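Fold and geometry: a report
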Amino acid sequence: MNVDDPNAHHQALARQLADPGVPFSEIADRLDALETTTRTAVVRRLGGREQRLLFERAEGRRPLSLVDLVPADRKDLEPVRHFGRNTLPAFRIFEKRFCRPEGESPDRPEALVGYNHQTMSFVTGPGYFVAVEDPDRAEVLIDYTRPPGRVASGWPRVRSNERGLARFVYGFMVDRLRSVSGTVTVGSAARNGRELGSYFVLDREA
């Protein structure tokens, strides 16, 4: 296998995901071993079935905290980019950008703020959210129903997710995010508490 070939790594990862006999730790190890740009390219090749399998297999495997999304060495309001792909009919390639609000503990923040960066944001809105740790499970909830306060410099103006076209994309939604590897996470979207069967996968910048 060419160590820099994302297609070959994607095919190998897809085979691991489809085989229930492959330990989840081997999937995580494969992703962690990849060079950063290759790993992001592999993540952005994962299709709908692969993302669903990844989400299901990630349940209960690795704890996820807010510090995994915005490391403690980042400054308050310093953006952290997570490169992703989702299973929606359109706008599949996107980013979630997170930052830690002012006044939060770098080592144990209670919340992060963020938005979705994609080419049609001028139509759908930026999809702002507040991210918190699930009190019952070692996962993170991305809550689009909670508008953030101050956000990072240069980010779009904060807009409601309950108005205009944003209502149909982000309205009444809370995503659940699970850890896959050191930088990779996988999520599932729910609206009004109902799972939508819509998934996304992210790779945090180095």
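Everything below is about the structure printed above this text.
Residues numbered from 1 in each chain as written. Predicted model: local features only at pLDDT ≥ 70, side-chain atom pairs only at ≥ 80, totals over all residues. Heavy atoms only, no water.

Here we take up the packing of helix H1 (residues 6-18) against helix H4 (residues 48-58). Between H1 and H4, whose axes approach to 10 Å, the crossing angle comes to 50°. Considering their axes alone, H1 and H4 lie oblique with respect to each other. Note that H1 runs across H4; the crossing there is left-handed. In this structure, H1 contributes His10, Ala14, Gln16, Leu17 and Ala18 to the contact, and H4 contributes Arg49, Glu50, Leu53, Leu54 and Arg57. For the contact of H1 with H4, a count of residues per class yields five nonpolar, two polar and three charged. (Axes fitted to C-alpha atoms, helices over the stretch in contact; angles between N-to-C directions. Helix = DSSP H or I, 4+ residues; strand = E, 2+ residues; numbered from the N terminus. Parallel < 35°, antiparallel > 145°, perpendicular 65-115°, else oblique. Left-handed = near helix turned anticlockwise from the far one by under 90°. Contact = heavy atoms within 4.5 Å. Nonpolar A, V, L, I, M, F, W, Y, C, P; charged D, E, K, R; others polar.)

Side chains carrying opposite charge are able to pair once their charged atoms draw close together. Per the counting criterion, the structure on display carries 16 salt bridges. With its nearest N and O atoms 2.8 Å apart, the salt bridge here joins Glu95 to Arg81. Of this pair, Glu95 sits in strand E2 (residues 93-99) while Arg81 sits in strand E1 (residues 80-86), and the two are 14 residues apart along the sequence. On the basis of relative accessible area, Glu95 is assigned to the buried category, the value being 8%. Look at Arg81 and you get partly exposed, because its relative accessible area is 31%. (Salt bridge = Lys/Arg side-chain N within 4 Å of Asp/Glu carboxyl O. Buried < 20%, exposed > 50% of the residue type's maximum accessible area, 1.4 Å probe, protein only.)

Moving on: the environment of Val140. Looking at the secondary structure, you find Val140 in strand E5 (residues 140-143). Classification of Val140 as buried rests on a relative accessible area of 0%. The sequence separation of Val140 and Gly187 amounts to 47 residues, and the corresponding C-alpha distance is 9.2 Å. When neighbours within four sequence positions are excluded, Val140 is seen to be in contact with Leu64, Ser65, Leu66, Leu69, Ala131, Val132, Glu133, Asp134, Asp175, Arg176 and Leu177.

Taken as a whole and judged by the stated rule, the model has eight aromatic pairs. Ring centres of Phe94 and Phe200 lie 6.4 Å apart, and the angle between their planes is 75°; this geometry places the pair in the edge-to-face category. In this pair, Phe94 sits in strand E2 while Phe200 sits in strand E8 (residues 194-204), placing the two residues 106 residues apart along the sequence. Ring plane angle 65° and centroid distance 5.2 Å describe the contact between Phe98 and Phe129, whose orientation is recorded as edge-to-face. Within this pair, whereas Phe98 is found in strand E2, its partner Phe129 is found in strand E4 (residues 129-133), the two being separated by 31 residues in sequence. Among the residues examined, Phe98 registers a relative accessible area of 0% and is labelled buried. The class for Phe129 is buried, based on a relative accessible area of 0%. The structure contains a cluster of three or more aromatic residues connected by ring pairs, namely Phe98, Phe129, Tyr144 and Tyr170. (Phe/Tyr/Trp six-rings, centres within 6.5 Å; stacked < 30°, edge-to-face > 60°.)

Bringing the sheet that holds E2 into the picture now. Spatial ordering of the closed barrel is given by E1-E2-E3-E4-E5-E6-E7-E8, a layout of eight strands whose pairing is antiparallel. Pairs of neighbouring strands in the sheet enclose a mean axial angle of 30°, with direction left out of account. Judged from the five bridges that link them, E2 and strand E3 (residues 112-117) form a sheet pairing that is antiparallel. By the bridge assignment, Cys99 is partnered in E3 with Val113. Relative to E8, helix H3 (residues 36-43) is tilted by about 160°, and along the sheet it contacts E1, strand E7 (184-191) and E8. (Pairing = 2+ DSSP bridges.)

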